[in-house]
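# Chains, contacts and geometry: an overview
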Amino acid sequence: MIKIIAACGAGVNSSHQIKDALEKEMKKRGYDVHCDAVMIKDLNEGLLDGYDIYAEIAKTDMSFTPKIPVVDAGAILYRMPAMAKPVYDKVEAIIKKEGLK
Amino acid sequence: MLQAIIHWSNVIFNPIIKLGAAPIMLIVLTLIAWAVGVNFFHALEGGIKLGIALTAISSIIGLLTGAFQPAVEAFVKSTGLHLGTTDLGWAPLATITWGSPYTLFFLLILVIVNIAMLVMHLTDTLDVDIFDVWHMSFTGLLAIYFGANLLTGTLFVVFIGIMKIFNSDLMKPTFNDLLDNWDNPMTTTHLNYMMNPLIMVFNKIFDVVFPWLDKYDFDAAKLNEKIGFWGSRYAIGIYLGIFIGILGHQPVGTIFTLAFTAATCLELFSIIGSWFIASVEPLSQGITDFATKHLNGRVFNIGLDWPFMAGRAEIWAAANVLAPIMLAEALILPGNSILPLGGIIGMGVTPALLIVTRGRLIRMIVIGALELPLFLWAGSLSAPFVTTTAKKIAPNMLKGVGSHAMISSSTKEGPIEQFLAYLLGKGQGGDMKMLMFFFLAMVAYVALFMWYRHEMLKRNTEYAKQGHKVNPDVMLKNKAAAAK
């Protein structure tokens, strides 16, 4: 299973939209993806270590450099399929490149 | 004829209204989502989720107030502080507001206003943050609670709605600057940014009097890392349970129960909050599809919920530092009845501070401390409304505690708008003095916004001079004025 983490203000709204959209679309493309949604302020190095990809809304200031690939997933929030597609493509490219399962 | 209509609408609607909030909202939300073109079963899924979320949140409110109200009463008695209002944070307030069919009415009106503004080229922002319409509905319902009627309440909501959309255009270049990305459509009409004009006044004072303070700014990301889990939701629940328990002279066992109950409820509020958003999701998508289909060819900015800025560490550093400051202020502030708990991490406060100060942390904290009393007062003012409305959804809530026991939120967005709603309601209720204050306050509100608008146009013109792409609509028309 490929584990993705999304984060937003309360871990409730924007990050859940990203989670739902990524899980749905990646399943459609044939990948077994699980995405968690958390508060941005709860992100830390240890937490990110448990995931394969970090799907951020926009640039995130962190006191460390994430070791896992980071994808800009903000476009999912625009609710327009054409704008969200590059995000899914990027996630798929990372899955293929890193050989994630 | 009219009699017959009234008779039949009573026959049809009364049994539905008697069912209670959760079934009403199941029916109303499903039908409205279906009406904007969502597949019926998706619409129904949203409606069912809303019913579940309403039921869940009312039982968690019951759990929290049931455990806390006796301790809070003892706290009030032993300390002499009149802080009998339990602070639940934003999620229960959102729930209570989404439990009212009026919220969907205000949503409909505001979507029409937004589309009309786009068609008339008054804005470039298409708001897709449907869930957060509850902020506007809350403000309108508050005015109605205090005595406004549906017409004036709606006009008031429309007025604030228009101002918010103007503000989202004005802020757009600043968002680009803070995200360091000049090619994205993200903006927001979130109500918390209507504090910007007032914050801008303080920021100006800072520019003139204390500019040297800025050099003491520290690294927000590092501070947040040090605070770590000590600033998490459940840790805060634990502290406040212990705080109230000790000052209320509770036995040790009860103190533990309070601490764990608070932590449990704060965690559950946010989980249930996500169910809410999921329940409105089909409707949000339906409205967006409808709007984009009918406005094809236009390039817009897209109004999202505020957290696309949440990656900026200053928001969290300021909220963490302001939490204990708010607790101290709550204890000494005259006229405040709220004991901060669920809302103590002020996410309804700090994003606006970030935008106006552009991330100068000391300013965010100082201005935040200065404006927090407004939030506490507004929360105290709206507590009777929140409590009354919540009782309709959760009739068993606050059972067995004193009648003065109330619930509210300490950092609800839009405190100034809540004061305006109060003045409007009281004024329309027949208090001429309040009505006069309402008009004076509206004049001051608009005047302050116009000054703020001018400041933002100046800022945006500066961005353009630095070579960034800025929409000419949000720049000064007269470059000479910028140079002055």
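Keep in mind it's a predicted model, so treat the numbers as computed, not measured.

Here we take up the confidence of the model for chain B. The predicted model of chain B averages 86 in pLDDT, with 94% of residues at 70 or higher. Residue range residues 480–484 of chain B is modelled with pLDDT below 50. Its contacts to residues more than four positions away, or to other chains, number 4 contacts.

All right, on to the nonpolar core then. As a rule of thumb, soluble globular proteins bury nonpolar side chains together. Counting residues in hydrophobic clusters, the biggest one holds 175 residues, and the most contacted among them are Ala6(A), Leu22(A), Ala55(A), Ala73(A), Ala318(B) and Leu353(B). Of all the elements, helix H11 (residues 252–294) of chain B adds the most residues to this core, at 14 residues. What Leu22(A) contacts, discounting residues up to four positions off in sequence, is Ile4(A), Val33(A), Cys35(A), Ala55(A) and Val91(A).

Once that is clear, we can look at the interface of chain B and chain A. Chain B puts 36 residues into the contact, and the matching count from chain A is 25 residues. Only helix H9 (220–227), H11, strand S4 (301–304) and helix H12 (313–332) of chain B provide two or more residues apiece to the side of chain B that touches chain A. Element by element, the count of residues in the side of chain B that touches chain A is highest for H11(B), at 9 residues. In terms of residue class, the side of chain B that touches chain A is built from 18 nonpolar, 13 polar and 5 charged.

All right, on to the sheet that holds strand S1 (residues 85–87) of chain B then. Residues and elements named next belong to chain B. Read from one edge to the other, the open sheet built from 3 strands follows the order S5-S1-S6, with strand pairing classed as parallel. Both outer strands of the open sheet, strand S5 (338–339) and strand S6 (406–408), are each paired with one neighbouring strand and no more. The pairing of S1 with S6 spans 3 bridges and is classified as parallel. Its bridge partner being in S6, threonine 86 is matched across the sheet by isoleucine 407. Each of S1, S5 and S6 is contacted by helix H14 (residues 361–393), which is oriented at about 115° to S6, the strand it contacts most.

Residues and elements named next belong to chain B. The buried fraction of helix H13 (residues 350–357) is high, at 8 of 8 residues. Considered for burial, the residues of H13 that qualify are Thr350, Pro351, Ala352, Leu353, Leu354, Ile355, Val356 and Thr357. Taken together, the buried residues of H13 touch helix H7 (150–179), helix H8 (196–209), H12 and H14.

All names here are of chain B. Here 3 strands make up an open sheet; going across it, the order is S2-S4-S3 and the pairing parallel. Each edge of the sheet is formed by a strand with only one pairing partner; in this case those strands are strand S2 (125–127) and strand S3 (186–188). The average angle at which neighbouring strand axes cross in this sheet is 40°, direction not considered. Pairing of S2 with S4, which is carried by 3 bridges, proceeds in the parallel orientation. Among the inter-strand pairings, aspartate 127 is bridged to a residue of S4, identified as glycine 303.

Rules used in this analysis
- Residues numbered from 1 in each chain as written.
- Chains lettered and ligands numbered in written order.
- Predicted model: local features only at pLDDT ≥ 70, side-chain atom pairs only at ≥ 80, totals over all residues.
- pLDDT = per-residue confidence, 0-100.
- Contact = placed C-beta atoms within 7 Å.
- Core = buried A, V, L, I, M, F, W, Y, C linked by C-beta atoms within 7 Å.
- Buried ≥ 20, exposed ≤ 12 C-beta atoms within 10 Å, placed from the backbone.
- Helix = DSSP H or I, 4+ residues; strand = E, 2+ residues; numbered from the N terminus.
- Nonpolar A, V, L, I, M, F, W, Y, C, P; charged D, E, K, R; others polar.
- Pairing = 2+ DSSP bridges.
- Axes fitted to C-alpha atoms, helices over the stretch in contact; angles between N-to-C directions.

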